[in-house]
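# A look at the structure
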Amino acid sequence: MEVESNLLIVVIDVNPAQKYVRSDSKQFFNCVDSVLTFCNAHLMLQASNKACVIASHINQSHILYPIEEREGVTLKPIRQVDGQYEVFLELEKSVRSQIKKFVMSDAFTSFDSTRSADSSGNFTTCLASALGKALCYINRKERELTAGEKLNSRILVVSGSSESTAQYMSFMNVFFSAQKLGVIIDACVLGPYATLLSQGADITGGIYLRPPHIPGLLQYLLWVFLPEASLRKQLALPPPVPVDYRAACFCHRQLIDMGYVCSVCLSSK
Amino acid sequence: MALDDTEGKEYRWETGYEKTWEAIEEDAEGLLDTAIAEIIEKGRRRRLQERRAAGNVRLGIMRHLYIILDMSSSMLDQDLKPNRIMSTQKILEKFVDEFFDGNPMSQLGWIGTRNKTAEKIADMSGNSRKHVEVVKSLNNYACGGEPSFQNALEIALSSLRHMPSHTSREILLIHGSLTTCDPGDVNATIMDLSKNGVRTSVISLAAEVRACKAMSKETNGTFGVILDEGHFQDLVREHIEPPPMAGKSDSSLIKMGFPQRNRTDDPGVCLCHLEDTSVSKLAPGGYACPQCRSKYCELPVECKACSLTLVSAPHLARSFLHIFPLDPFEEIDAIQCICFGCNKSLPDKNKHVYQCKQCRRRFCLDCDLFLHETLHCCPGCSVASLCK
């Protein structure tokens, strides 16, 4: 008998320079809470479901959950508290403690320095790196499957950062690899329109959504992103956003309708 | 792997006696798995390095490839299971998918030859779905009679001749028959091919034919005779990667349009299905040419009204991976760390750790292979590029 399980990878942007965090830092906790609840809801749907949470920051990305056991470091077994499912507790504890560690250690030092600010003064998150890690993780889990097991993987990006063109190539590589592996990438954008993520969602067959009301994030996550890809065609989901597929020229980094492309290296002018 | 070095020596039996089995050693637990994995891995690494060593070869990114299929009675032979033509069909189906994955701005065309004549099965186009259907529809063509390679080559040439000079012109001939029925001198056709810079490669399912070998040599193509089905697949797969540009080719700036998806719901008739009245109908959506506003269902396509090449930015980006391949990682001694890609604690059973030369992050073997073969970018370096 074939055992199917679903792997959900949530890439959460913990960059303090996100607009919604800067305007009201409490929103960030709401966002983390929503993502945790969303992961729990996913785990609850089926006992074999798996989850993974990856944080992406200004200059690093980290897998927050599951925590890898290293030699010499033994993890404390988690006891049940108030009858709560242990996996929920483990997920919540590790994500919260690691985000805290993240914010305490690095956020403020790198936030002050200008080294990660790009030319326009924006602080960009290394989402492409986090997505690359997510695909590596999926690749590993696929390999670890035993015969008769099947894994459906998908990635959800929750981000409010502005994008940088420096990551364009890495993003495209990630999207096409995901398309090849049959992994869909959903994007839940909490900031301005994200061109690259909307292209990624379109290429991989995911959903791109910009919730109009961020305090209600959890509702949007549960309604739109919880159902598996196979169920989605039965649902009346928000209509797809028109995707901007114009190329950026190499001279001014501007999006163009018509341009000249070098036949050898394919740079557009 | 032993087949790779047939280049210099003419025939297999002229080479020395090789003890291929001696390379396989048992590991500490008496298993062969690790040894085999190592051999496969070494082969992959060597291929990566070979490509690197070739230096900055100009690749033909915009390719035009005609596949000439022998549909003669010899394709019904059953030395490949269930028979030659069906086995070919199965392999080509996979090829089409991978071809368009690796060369999104390229075009394919199909020519069949049987009963001493040649016919065009499908015109040049860049739509992968259409080509998969073409391969499936090969069932409708009954194989029979003798092939005519010269006729088939002439048809391909007549169409490739008009392709712009900055694109690559290629022909892949797959034949099972050892004879051909030609109206004239095939050498003249070969000269014509080489004059027009058409790279002609041949895969033979039966045996080496001198004319075919001479043709591939003359036009800088490759020539291969299959050993079995697996080898057949390898030979076909060699044509997925863009070949270095044959002969002189211009580097020019090509005007291209990047159309956007129509935002309105107003229906319209697309230009791509205009001729075929059975398919053509009013439908919303599609892409509008930025120059003349004519509508197309799919990209990439050349505008029929103003002959502007229409592509989308991801098409361009996908071709980039041939231009910027990822540098190979270096192998370092096992140290205790965590794989930067999949979070696995290292060292694992592979005993080796791999390090990116640029960002100095460490990876496990599986991630190393995954990054080089599928992802083509290093997650560590994309962080580093932001920190510059």
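For clarity, every value in this text was computed on a predicted model and none was experimentally measured.

## With respect to the side chain of A:Asn40
Its location among the elements puts A:Asn40 in helix H2 (residues 26–45). Leave out the neighbours within four places in its chain, and A:Asn40 touches A:Phe88 and A:Leu91.

## Section: the sheet that holds strand E4 (residues 149–159) of chain A
Residues and elements named next belong to chain A. Spatial ordering of the open sheet is given by E3-E2-E1-E4-E5-E6, a layout of six strands whose pairing is mixed. Two strands in the sheet have a free side with no partner beyond their single neighbour: strand E3 (61–65) and strand E6 (208–209). In this sheet, strand E5 (residues 184–189) lies alongside E4 in parallel orientation, the contact comprising six bridges. Along E5, the bridge assignment pairs Ser159 with Val189.

## Quick look at the pattern of salt bridges
Residue and element names in this part refer to chain A. Scanning the entire structure with this criterion turns up 20 salt bridges over all chains. Salt-bridge contacts for Arg96 lead to Glu92; the nearest nitrogen and oxygen are separated by 3.2 Å. Placement of the pair is Arg96 and Glu92 together in helix H3 (residues 86–112), with a separation of four residues, close to one helical turn. Under the relative-accessibility criterion, Arg96 is labelled partly exposed at 37%. Where Arg232 meets Asp186, a salt bridge forms, and the shortest distance between an N and an O atom there is 2.9 Å. Placement of the pair is Arg232 in helix H8 (residues 229–232) and Asp186 in strand E5, with a sequence separation of 46 residues.

## Comments concerning empty space enclosed by the protein
All names here are of chain B. In the structure shown here, the tally under the stated rule is three cavities of 30 Å³ or more. Considering only enclosed or pocket space, the second largest cavity measures out at about 40 Å³ in volume. Lining the second largest cavity are Ile91, Lys94, Phe95, Glu98, Gln233, Val236, Arg237 and Ile240. The set of elements that each furnish at least two residues to the lining of the second largest cavity consists of helix H2 (84–102) and helix H7 (229–237). In terms of residue count, H2 provides more of the lining of the second largest cavity than any other element does, four residues in total. In terms of residue class, the lining of the second largest cavity is made up of four nonpolar, one polar and three charged.

## Comments concerning the pairing of E5(A)
Residues and elements named next belong to chain A. Burial of E5 is extensive: six of the six residues sit out of reach of the surface. By the alternation rule, side chains of E5 split into Ile184, Asp186 and Cys188 and Ile185, Ala187 and Val189, which are all buried. Handedness of the E4-helix H5 (residues 168–181)-E5 crossover: right-handed. As judged from the two bridges shared by E5 and E6, these two strands associate in the parallel manner. Residue pairing for E6: Ala187 is matched across the bridge by Tyr208. On the question of chirality, the crossover connecting E5 to the parallel E6 by way of helix H6 (residues 195–204) is right-handed.

## So, the confidence of the model for chain A
Averaged over every residue, the pLDDT of chain A is 82; residues scoring 70 or more account for 87%. Confidence drops under a pLDDT of 50 for residues 109–121 of chain A, and excluding neighbours within four residues, the segment shows 22 contacts in the predicted structure.

## Things to note about the UniProt feature "domain: C2H2-type" (unreviewed entry) in chain B
As recorded in UniProt, the feature "domain: C2H2-type" (unreviewed entry) lies at residues 354–376 of chain B. Within residues 354–376 of chain B, the helical portion is 48% and the strand portion 17%, while the C-alpha atoms at the span's ends are 16 Å from each other.

What counts and how
Residues numbered from 1 in each chain as written. Chains lettered and ligands numbered in written order. Predicted model: local features only at pLDDT ≥ 70, side-chain atom pairs only at ≥ 80, totals over all residues. Heavy atoms only, no water. Helix = DSSP H or I, 4+ residues; strand = E, 2+ residues; numbered from the N terminus. Contact = heavy atoms within 4.5 Å. Pairing = 2+ DSSP bridges. Salt bridge = Lys/Arg side-chain N within 4 Å of Asp/Glu carboxyl O. Buried < 20%, exposed > 50% of the residue type's maximum accessible area, 1.4 Å probe, protein only. 1 Å grid on protein atoms, 1.4 Å probe; cavity = no way out; pocket = protein on both sides within 12 Å on 5 of 7 lines; lining within 4 Å. Points joined across faces, edges and corners; volume = space filled by probe spheres on them. Nonpolar A, V, L, I, M, F, W, Y, C, P; charged D, E, K, R; others polar. Right-handed = clockwise from strand over helix to strand, strands pointing away. pLDDT = per-residue confidence, 0-100. UniProt positions renumbered as here; feature names shortened; annotations may be inferred.

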